[in-house]
2 protein chains.
Amino acid sequence: MMDFSLYDNSAIIKGIAEEMEELILWMASFGKQEQGGVTRLLYSESWRDAQQALALRMEQWGLKVNFDHVGNLFGKLEGTDKNKMAILTGSHVDTVKNGGMYDGALGIVAGMLALKYLKRHYGMPKRNLEVVSLCEEEGSRFPMTYWGSGNITGRRHFGQIVQMTDENGVLFRKAMEKAGFGAGTHRDSRREDIGAFIELHVEQGIVLERKNKTIGIVDSIVGQRRYTFEVTGEANHAGTTPMMWRKDALNGASEMIRFVLHAARKQGEPLVATVGRVEVKPNEANVIPEKVSFTVDVRHPDAAVLSLFCDRFLLEFMKIADEQELLLRTDLWMDAAPVVMDERLRGRIQQICENRNIAWLRMVSGAGHDVQMFQYNCPSALIFVPSHMGISHSPQEYTSPADMAAGVAVLIELLYSLGYQEEEI
Amino acid sequence: MMDFSLYDNSAIIKGIAEEMEELILWMASFGKQEQGGVTRLLYSESWRDAQQALALRMEQWGLKVNFDHVGNLFGKLEGTDKNKMAILTGSHVDTVKNGGMYDGALGIVAGMLALKYLKRHYGMPKRNLEVVSLCEEEGSRFPMTYWGSGNITGRRHFGQIVQMTDENGVLFRKAMEKAGFGAGTHRDSRREDIGAFIELHVEQGIVLERKNKTIGIVDSIVGQRRYTFEVTGEANHAGTTPMMWRKDALNGASEMIRFVLHAARKQGEPLVATVGRVEVKPNEANVIPEKVSFTVDVRHPDAAVLSLFCDRFLLEFMKIADEQELLLRTDLWMDAAPVVMDERLRGRIQQICENRNIAWLRMVSGAGHDVQMFQYNCPSALIFVPSHMGISHSPQEYTSPADMAAGVAVLIELLYSLGYQEEEI
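These notes cover the structure that comes with them. Because the structure is a prediction, the values reported are computed rather than measured.

Quick look at the pattern of salt bridges
For the coordinates displayed, the defined rule picks out 42 salt bridges over all chains. Across the salt bridge formed by A:Arg356 and A:Glu413, the nearest N and O atoms sit 3.0 Å from each other. Of the two residues, A:Arg356 is situated in the loop between helix H9 (343-355) and strand S15 (360-365) and A:Glu413 in helix H11 (residues 401-421); the sequence distance between them amounts to 57 residues. Taking the shortest distance from any N to any O, the salt bridge between B:Asp297 and B:Arg226 comes out at 3.0 Å.

Some points on the interface of chain A and chain B
Many descriptions give the size of an interface as the accessible area lost when the pieces come together. Counting residues at the interface gives 54 residues for chain A and 55 residues for chain B. Contact between chain A and chain B buries roughly 4900 Å² in total, counting both sides, with carbon and sulfur atoms accounting for 56%. The largest share of the area that chain A buries against chain B comes from A:Met243, A:Trp245 and A:Arg265, three residues that together contribute 15% of it. Between A:Arg258 and B:Glu255 there is a salt bridge, with the nearest N and O atoms lying 3.3 Å from each other. With ten residues, the single largest contributor to the side of chain A that touches chain B is helix H7 (residues 249-267) of chain A. A class-by-class count of the residues in the side of chain A that touches chain B yields 22 nonpolar, 17 polar and 15 charged.

Things to note about the relation of the copies chain A and chain B
For the match of chain A to chain B, the screw axis carries a shift of 0.0 Å, the RMSD comes to 0.1 Å, and the turn is 179 degrees. With respect to symmetry, the two chain copies, as superposed, fit the operation of a two-fold axis. Distance from the rotation axis, computed per C-alpha, reaches its smallest value in chain A at A:Ser254: 2.6 Å. Looking at chain A, 100% of its interface residues are interface residues in chain B too, so the copies touch through the same face.

Quick notes on helix H2 (residues 45-60) of chain B
All names here are of chain B. With 16 residues, H2 should cover 22 Å at 1.5 Å per step; its first-to-last C-alpha distance of 23 Å lies within 8% of that length. Within H2, the full set of buried residues consists of Ser-46, Trp-47, Ala-50, Gln-51, Ala-53, Leu-54, Ala-55 and Met-58. Elements in contact with the buried residues of H2: helix H1 (10-28), strand S1 (64-67), strand S2 (73-77), helix H3 (105-122) and strand S4 (129-134). Within two residues after H2, Gly-62 carries a phi angle of roughly 85 degrees, on the positive side.

Some words on the pairing of strand S12 (residues 291-300) of chain A
For a regular strand, side-chain orientation follows a simple rule: the groups alternate between the two sheet faces. All names here are of chain A. A large share of S12 lies buried, amounting to eight of its ten residues. Where strand S7 (residues 223-232) meets S12, ten bridges bridge the pair, whose relative direction is antiparallel. Across the sheet, Glu-230 pairs through a bridge with Ser-293, a residue of S12. In the sheet, strand S9 (residues 272-274) pairs with S12 via three bridges, with the strands oriented antiparallel. By the bridge assignment, Thr-274 is partnered in S12 with Asp-297. Taken together, the four bridges between strand S10 (residues 278-281) and S12 define a ladder with antiparallel strand orientation. Bridge pairing in S12 links Glu-279 to Ser-293.

A look at empty space enclosed by the protein
A complete count under the given rule lists three cavities of 30 Å³ or more for this structure. Space inside the largest cavity adds up to approximately 40 Å³. As for the largest cavity, its lining consists of A:Leu250, A:Ser254, A:Ile257, A:Val278, B:Leu250, B:Ser254, B:Ile257 and B:Val278. Residue assignment for the lining of the largest cavity shows that the elements contributing at least two residues are H7 of chain A together with helix H7 (249-267) of chain B.

Thoughts on the packing of aromatic side chains
Applying the stated rule across the entire model yields 42 aromatic pairs over all chains. Consider the rings of B:Tyr227 and B:Phe313, whose centres lie 5.7 Å apart with planes at 80 degrees: the pair is edge-to-face. Placement of B:Tyr227 in strand S7 (residues 223-232) and of B:Phe313 in helix H8 (residues 303-323) is noted, with a sequence separation of 86 residues between them. Here the two residues B:Tyr227 and B:Phe313 agree in accessibility, since each one is buried. A cation over an aromatic ring shows up here: A:Lys116 above the ring of A:Trp61, its NZ or CZ 4.0 Å from the ring centre.

A short note on the packing of H7(A) against helix H8 (residues 303-323) of chain A
All names here are of chain A. Direction vectors running N to C along H7 and H8 enclose 155 degrees, while the axes themselves pass 10 Å from each other. Put simply, H7 runs roughly antiparallel to H8. Read as a crossing pair, H7 and H8 show a hand that is right-handed. Contacts from Gly-252, Glu-255, Met-256, Phe-259, Val-260, Ala-263, Ala-264 and Gln-267 in H7 reach Val-305, Phe-309, Arg-312, Phe-313, Glu-316, Phe-317, Ile-320 and Ala-321 in H8. In the contact of H7 with H8, the residues fall into eleven nonpolar, two polar and three charged.

Here we look at the environment of B:Phe181
Residue and element names in this part refer to chain B. Relative to the helices and strands, Phe-181 is located in the loop between helix H5 (172-178) and strand S5 (194-202). Between the alpha carbons of Phe-181 and Tyr-43 there is a distance of 8.8 Å; along the sequence they are 138 residues apart. Other than its neighbours up to four places away in sequence, Phe-181 contacts Trp-47, Phe-67, Asp-68, His-69, Val-70, Gly-71, Met-176 and His-186.

Observations concerning the state of the cysteines
Residues and elements named next belong to chain A. The full count for this structure, using the stated rule, is zero disulfides over all chains. Its sulfur unpaired, Cys-135 is 17 Å from the next cysteine sulfur, which belongs to Cys-378. Exposure remark for Cys-135: the relative accessible area of 0% places this residue in the buried category.

Side note on the pairing of S5(B)
Residue and element names in this part refer to chain B. Within S5, nine of the nine residues are buried, leaving the element largely enclosed by the surrounding structure. Two elements, strand S3 (residues 86-92) and S5, share four bridges in a ladder whose sense is parallel. Directly across from Thr-89, in S5, lies its bridge partner Ile-198. Summarising the sheet, S5 and strand S16 (residues 380-385) pair through six bridges and their orientation is parallel. Considered in S16, the bridge of Glu-199 is made with Leu-382.

Examining helix H11 (residues 401-421) of chain B
An ideal rise of 1.5 Å per residue puts 30 Å on 21 residues; H11(B) measures up with 29 Å between its terminal C-alpha atoms. Burial of H11(B) is extensive: 19 of the 21 residues sit out of reach of the surface.

Thresholds applied
Residues numbered from 1 in each chain as written. Chains lettered and ligands numbered in written order. Predicted model: local features only at pLDDT ≥ 70, side-chain atom pairs only at ≥ 80, totals over all residues. Heavy atoms only, no water. Salt bridge = Lys/Arg side-chain N within 4 Å of Asp/Glu carboxyl O. Helix = DSSP H or I, 4+ residues; strand = E, 2+ residues; numbered from the N terminus. Contact = heavy atoms within 4.5 Å. Buried area = accessible area lost by both parts, 1.4 Å probe. Nonpolar A, V, L, I, M, F, W, Y, C, P; charged D, E, K, R; others polar. Least-squares fit on C-alpha atoms with pLDDT ≥ 70 in both. Expected span 1.5 Å × (residues − 1). Buried < 20%, exposed > 50% of the residue type's maximum accessible area, 1.4 Å probe, protein only. Pairing = 2+ DSSP bridges. 1 Å grid on protein atoms, 1.4 Å probe; cavity = no way out; pocket = protein on both sides within 12 Å on 5 of 7 lines; lining within 4 Å. Points joined across faces, edges and corners; volume = space filled by probe spheres on them. Phe/Tyr/Trp six-rings, centres within 6.5 Å; stacked < 30°, edge-to-face > 60°. Lys NZ or Arg CZ within 6 Å of the ring centre and 35° of its normal. Axes fitted to C-alpha atoms, helices over the stretch in contact; angles between N-to-C directions. Parallel < 35°, antiparallel > 145°, perpendicular 65-115°, else oblique. Left-handed = near helix turned anticlockwise from the far one by under 90°. Disulfide = S-S within 2.5 Å.

Written out as structure tokens, the structure reads:
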């Protein structure tokens, strides 16, 4: 084991906590909203300012900086053997509209801080260690997610965005060009030389806080299905139509919604089901609803369980529609398979936490993250730090400096073992 | 009994059917929409055209015409004794947006036709018989209903509309002035000399058609309560929040909606309950709903039953909110008492139907009508003719010429008995 002074020296941990706090506030200055949130949409002015400021800071900290042609920013701590596969850490620089200060940003500045610390204390690693500020993950501006990690791993490409526009009608590729990126501007994004990817991210849930744990070790990222259901009956006068003769779309839809939410509670963790959107037509107090459409979002880390659960509520929905003489239309518009994170890396993170007496929890990520794009190609790990009250995508998002420092300390030790000790990954 | 040739002479009935069909089409020409519906909002151009055309036609048919200062139009067949209380029949001339041809209009032209028939066959009645084209009932332009019948009966007055505007910001009183009405333009609306009011109206429901009846004799108009409920929980990430820790406003609201609709079905006729409006916030597929607001419209002809039913579901709503740790806010924004129609008039209408072998049904009106304003002041009756498929407030609204003729025939005989035979009402 390395001579690792980090945990034994509270002054160092305190320094990291303070520096993380400063870095998070500094990052939040790019796209700061009057209401207190941060809006840093892909290829916007605040996005460009953030990437440029990050590049400058990386350079100041002795990292070798480069952009790829979609706008991913890399800061490299060069290793003695440049032919070895690189270790990459980082997260996404974009935010949702009026989002929080930690989502994405935390993983970038933590990676920078880790490399700075390692360089200062241990010098040159055996292989390249890199931090990446991924250009996009949220899909908040364009109907496209994982644009940064997807281009690096080959799961996204320019062909997918040719005619794509944002809600103001601005073409994706025009926005990219305006920000200084696009084909020919920088090197191609695709990387074949990444040996491992580590992402530190806020949990965006309340599990760690409720269970009083500091580090979440993600075993897998849930599979996810999203449906829209449309239930059609007959609009009629609320006063003159006896209950017996109604074809009330909401009567059917409320049964269905109740069923799927009850079934999810009964099924138990880690399954979650959410009906987030409901639209009623004509939506007037004195007219029996003709049409109700609603979404169902279901997530589970096991593809078979997810599929079985969906089959079960779909059957029940059909039964309810039949019984009430309603028409049911089903649209499955998202169907993402679960992703299991690298087992060896998970074990190593757990070992680090145990050695250093940090309270850890093996858990499932209910949200998607860049790391899942990488896991298809190379061993990858996702480390969570607590989100206060579980709040995310909101100006109220908060992770304490102490929790951030714990996350950075684990990241430093993991990168040390991969970059300075290991021959093979 | 009068020498009443109406029912024995199919040519006369056929003539009335044809004339009603023509009159309905003629009325629909005022405010005809491209999509086929009729839009005749209070004090609009098409409204004014309709009232003026009706006044002209009444005059041509030998009725004495006058307007009151809110725009109600009266056509009088003068009786020998002008000191006796008058008998009034008619309905409202306004429509909902893109409404049907029959709602309101039918009762006006039927009344005109009845007076024309009576005048031609029986000459001067013993008391004044009047037809009225009431200026407004629907509340489609301004947030005000029963403006016509309410002003005649003293339940509406100018003080209620001083600052009222339509959705374009036009002041109620400015619109009234523009149409040529308002204080000082015509005689005051209040009438103390009305001995009885009879309204012929389309059912706007499917009961008569399903039960194969021609005439509906309304025993009472339902009492009506309208609530808006607001259920508040906590918005949270759909993926990262375990089911156990959710405060899902829609989970509570869907239970409540299901409960009230089930309870209404279980309670049985004539109770009806409708949840017509639902709004979810933030209404995003991947966010647990923080707030759901929904309306409940409940109707029953017995005030005690209505009240008991409401108490029951209100208690259940509170229980559901408590169990799920949700906040429930209740707003009762409409609470109209049931109105029982005049028993003697109901009996007389039933007698007419039996004598003339017309299939009748005693029923409850699930919708409000002008007649309920009059019933507070004088004996009043509401007669329904069938609505095909129960459709109303729609361009598809339809009542067959034969059914209309049956309604007019019953109206003629009732007006004959009240106007030519009775000493006292």
